[in-house]
Amino acid sequence: GENVEQHPSTLSVQEGDSAVIKCTYSDSASNYFPWYKQELGKRPQLIIDIRSNVGEKKDQRIAVTLNKTAKHFSLHITETQPEDSAVYFCAASDPMGGTYKYIFGTGTRLKVLA
Amino acid sequence: GAGVSQSPSNKVTEKGKDVELRCDPISGHTALYWYRQSLGQGLEFLIYFQGNSAPDKSGLPSDRFSAERTGGSVSTLTIQRTQQEDSAVYLCASSPEWGGYEQYFGPGTRLTVT
């Protein structure tokens, strides 16, 4: 079955710097890759997603890149702010093949230092 | 509109007792998912319901775990003969059949087995 690895497990950056979180998936059939942000004690919320027919997607300060050949995708946050501090999860699924469940990575705890 | 709701928010039970966790998905969402999040860990897929199709139970960790979805809406996750390793936050999510693959998460039920 699908397996998703996520690195690093923790990441500290200075406010204003960039943060990059990387994920690798095992099932080449996966075609949908969401990123969720979970603040302490709260529910996970989608911040950005990418489908396998594009290589990059951007939304203001966040962007996601996908390399299908390497089965690798990354989250990029620029000009980090203290409110970006949270746990970020990547996931993979195959909705085009009828598999809608997410397989999540183990999460990255991002701390933005003021 | 109303989001995904779960009850109870917290549940403390003694080892060996049975528990029921409830999920109310967003109205009109045909897909419903259960995930488990152990302390400091990622989200582990448990079970997935889509319309009238047979559920995908591939993530249930043992036969002590079961779930049902009545009338295509509310779902109940049942854990029989609870063990200490069942302690975790149980998250429910729902998604529409059409219009995207985003899963909307509930606030979770924190289960503590003593």
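Shown above is the structure to which this text applies.
Residues numbered from 1 in each chain as written. Chains lettered and ligands numbered in written order. Predicted model: local features only at pLDDT ≥ 70, side-chain atom pairs only at ≥ 80, totals over all residues. Heavy atoms only, no water.

So, the overall build of chain A
For step 1, the next point in the chain: On a plain count of helices and strands, chain A comes out with zero helices and eleven strands.
For step 2, the next point in the chain: The linear arrangement of helices and strands in chain A, starting from the amino end, is β-β-β-β-β-β-β-β-β-β-β.
For step 3, the next point in the chain: Projected onto its principal axes, the C-alpha positions of chain A cover 45 × 30 × 20 Å.
For step 4, the next point in the chain: Burial statistics for chain A: of 114 residues in total, 45% are counted as buried.
For step 5, the next point in the chain: In chain A, the share of contacts with a sequence separation of at least 24, taken over all contacts with a separation of at least 6, comes to 54%.
For step 6, the next point in the chain: Counting only carbon and sulfur atoms, one obtains 46% of the accessible surface of chain A, whose full area is about 5800 Å².
For step 7, the next point in the chain: Between the centroid of the 13 positive side chains of chain A and the centroid of its 13 negative side chains there is a distance of 4 Å. (Helix = DSSP H or I, 4+ residues; strand = E, 2+ residues; numbered from the N terminus. Buried < 20%, exposed > 50% of the residue type's maximum accessible area, 1.4 Å probe, protein only. Contact = heavy atoms within 4.5 Å. Areas by Shrake-Rupley, 256 points an atom, 1.4 Å probe, with all protein chains shown as cover. Lys, Arg positive; Asp, Glu negative; His and termini not counted. Charge placed at Lys NZ, Arg CZ, Asp CG, Glu CD.)

Brief notes about the sheet that holds strand S1 (residues 5–7) of chain B
All names here are of chain B.
For step 1, the next point in the chain: Spatially, the four strands line up as an open sheet ordered S1-S3-S7-S6, and their pairing is antiparallel. Two strands lie at the open edges of the sheet, namely S1 and strand S6 (65–69), each paired on one side alone. Between one strand and the next, the sheet's axes are offset by a mean angle of 15°, whatever the strand orientation.
For step 2, the next point in the chain: Here strand S3 (residues 19–24) pairs with strand S7 (residues 75–79) via five bridges, running antiparallel. The residue bridging leucine 21 from the neighbouring strand is leucine 77, located in S7. (Pairing = 2+ DSSP bridges. Axes fitted to C-alpha atoms, helices over the stretch in contact; angles between N-to-C directions.)

Regarding the environment of A:Pro44
For step 1, the next point in the chain: Counting through the fold element by element, A:Pro44 comes out in the loop between strand S4 (32–38) and strand S5 (45–51).
For step 2, the next point in the chain: A relative accessible area of 2% places A:Pro44 in the buried class.
For step 3, the next point in the chain: Considered as a pair, A:Pro44 and A:His76 are 32 residues apart in the sequence and their alpha carbons are 18 Å apart.
For step 4, the next point in the chain: Excluding residues that lie within four positions of it along the chain, A:Pro44 makes contacts with A:Tyr36, A:Lys37, A:Gln38, B:Leu43, B:Leu91 and B:Phe105.

Here's the deal with unusual backbone geometry
If a residue is not glycine, its phi is most likely negative; likewise, a peptide bond is most likely trans.
For step 1, the next point in the chain: At the junction of A:His7 and A:Pro8, the peptide bond is cis and its omega measures out at -5° in the coordinates.
For step 2, the next point in the chain: Considering the arrangement of structural elements, one finds A:Pro8 in the loop between strand S1 (4–7) and strand S2 (10–14).
For step 3, the next point in the chain: Omega for the peptide link from B:Ser7 to B:Pro8 comes to -10°, which places this bond in the cis form.
For step 4, the next point in the chain: Note on placement: B:Pro8 falls in the loop between S1 and strand S2 (10–13).
For step 5, the next point in the chain: You will see that A:Gln60, though not glycine, has its phi angle at about 55°, which is positive.

Description of the sheet that holds strand S7 (residues 62–67) of chain A
Residues and elements named next belong to chain A.
For step 1, the next point in the chain: In spatial order, the strands read S1-S3-S8-S7-S6; together these five strands make up an open sheet with antiparallel pairing. Every other strand in the sheet has two partners, leaving S1 and strand S6 (56–59) as the edge strands with one partner each. Adjacent strand axes in the sheet meet at a mean angle of 15° when their direction is disregarded.
For step 2, the next point in the chain: Of the strand pairs in this sheet, S1 and strand S3 (residues 19–25) are connected by four bridges, and their pairing is antiparallel. Its bridge partner lying in S3, glutamate 5 is registered against threonine 24.

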